[in-house]
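# Fold and geometry: a report
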Amino acid sequence: MFASATAYGTGSGPNNDDRPAYRLFTADGKPVSFGKMTKELAGADVVLFGEQHNDPMAHWLELQVAKELAQRKAGQVVLGLEMFERDVQPLVEQYNVGELDDKAFEEQSRPWPNYSTDYKPLLQLAKQQKLRVVGTNVPRRFAQQVAKGSLAALDALGTDEKQWLAPLPIKVDYNLPGYQNMFKMFGGDAAHAAGVQNIVQAQALKDATMAHFIRQSRQPGQLLLHVNGSYHSDNHDGIVWYLRQAEPQLRILTISTVTQEQLGKLDKENLRKADYLLVVPADMTKTY
């Protein structure tokens, strides 16, 4: 068990030489210990761990959370990953049960470039602890088709291909904060509106598909720990919105990884971004 986050120094005082690598806070900015957080997480049906993909502290803490939940909920934890697409799920399952070796798995499953340092430890833990692993993401080529030609592009897919994504038609709420931010980021003026709308639809396709396979992959009484980019679950929208549309009674808890110049308190813009905030120093080294 880890020491309370409140015990970590902030590095701000003249006699304080601590350099904490992270701090944990609740949604309203109260420091929280790793033990208290994981005890709360163990009571959820779904935990969405939102990472920054190149943040080493997020990857390390994902591993610690997975270990702790596997201990607290023995035999009842499923690991879900945005990093593997649905069409390679048979390979994920074969690797998980030892039917596929590392080399064959990595050659065939289209792992992310940072797989060996950042996600392989999770899969190895799952093997060791006999946790089921599910890739939840839509095949990238379908998201690219939507980004170019809207969700209508999916209508031409065959029945076999449609099994790798959320059931059609996919509803999109353009008023969700994350999607509104995308319109701002990509310049959602009249001249670009259609193009940006397609990009938002591609994001919604990923969110809806991950939510669909999270629900499909957990049995009653199980906890599904899902690792995804923070943007997919921040502000309790994205994946969370689709989960709640389909199954309002699900107990969902979220973690978001954020960087700050100081670790003494939660910056105002990070308040309520998630149920728990993993705060990492702004100058933390990146994995890529």
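As a starting point, this report considers the structure included with it. (Residues numbered from 1 in each chain as written. Predicted model: local features only at pLDDT ≥ 70, side-chain atom pairs only at ≥ 80, totals over all residues. Heavy atoms only, no water.)

## A closer look at unusual backbone geometry
- With an omega dihedral of -5°, the bond running from Leu168 to Pro169 counts as a cis peptide bond.
- With respect to the secondary-structure elements, Pro169 resides in the loop between helix H8 (159-162) and helix H9 (177-185).
- Although it is not a glycine, Arg110 sits at a positive phi angle of roughly 55°.
- In this fold, Arg110 is placed in the loop between helix H4 (102-108) and helix H5 (115-118).
- Judged by its relative accessible area of 40%, Arg110 is partly exposed.
- For Asn235, which is not a glycine, the phi torsion comes out positive at approximately 60°.
- Of note, Asn235 is situated in the loop between strand E5 (223-229) and helix H11 (239-246). (Helix = DSSP H or I, 4+ residues; strand = E, 2+ residues; numbered from the N terminus. Buried < 20%, exposed > 50% of the residue type's maximum accessible area, 1.4 Å probe, protein only.)

## Regarding the pairing of strand E6 (residues 252-260)
- Counting buried residues in E6 gives eight out of nine residues, a clear majority hidden from the surface.
- Sheet analysis places strand E2 (residues 46-51) next to E6, joined by five bridges and oriented parallel. Note that in E6 the partner of Phe49 across the bridge is Ile255.
- Relative to strand E7 (residues 276-281), E6 runs parallel, the two sharing six bridges. Paired with Gln260 across the strands is Pro281, a residue of E7. (Pairing = 2+ DSSP bridges.)

## Brief notes about a nonpolar patch on the surface
- Residues Met185, Phe186 and Tyr231 make up a contiguous nonpolar surface patch of roughly 310 Å² in combined accessible area.
- Within the secondary structure layout, Tyr231 lies in the loop between E5 and H11.
- Look at Tyr231 and you get partly exposed, because its relative accessible area is 32%. (Patch = residues over 30% accessible without salt bridge, like charges linked within 9 Å, V, L, I, M, F, W, Y side chains within 5 Å. Areas by Shrake-Rupley, 256 points an atom, 1.4 Å probe, with all protein chains shown as cover. Salt bridge = Lys/Arg side-chain N within 4 Å of Asp/Glu carboxyl O.)

## Concerning the sheet that holds strand E4 (residues 132-137)
- Strand order in the open sheet formed by seven strands is E1-E7-E6-E2-E5-E3-E4, and the pairing between neighbours is mixed. Edge strands, defined here as strands with exactly one partner in the open sheet, are strand E1 (23-26) and E4. Strand after strand, the sheet turns through a mean of 25° between neighbouring axes, direction not considered.
- Against the sheet, helix H10 (residues 193-217) engages E2, strand E3 (77-85), E4 and E5, with an angle of about 155° to E4. (Axes fitted to C-alpha atoms, helices over the stretch in contact; angles between N-to-C directions. Contact = heavy atoms within 4.5 Å.)

## Some details on the environment of Pro121
- Locating Pro121 in the fold gives a position in helix H6 (residues 120-129).
- For the pair Pro121 and Phe213, spaced 92 residues apart in sequence, the C-alpha to C-alpha distance is 22 Å.
- For Pro121, the contacting residues outside a window of four places in its chain are Leu63, Tyr115 and Ser116.

## Things to note about the nonpolar core
- Membership of the largest hydrophobic core comes to 48 residues, with the highest contact counts inside it found for Leu41, Leu81, Phe84, Phe105, Leu225 and Leu278.
- No other element matches the eight residues that helix H2 (residues 56-72) contributes to this core.
- Counting 36 residues, the second largest nonpolar core, distinct from the first, contains Val134, Val146, Val200 and Leu250. (Core = buried A, V, L, I, M, F, W, Y, C linked by side-chain atoms within 4.5 Å.)

Geometric descriptors of this kind do not, in isolation, establish any biological role.
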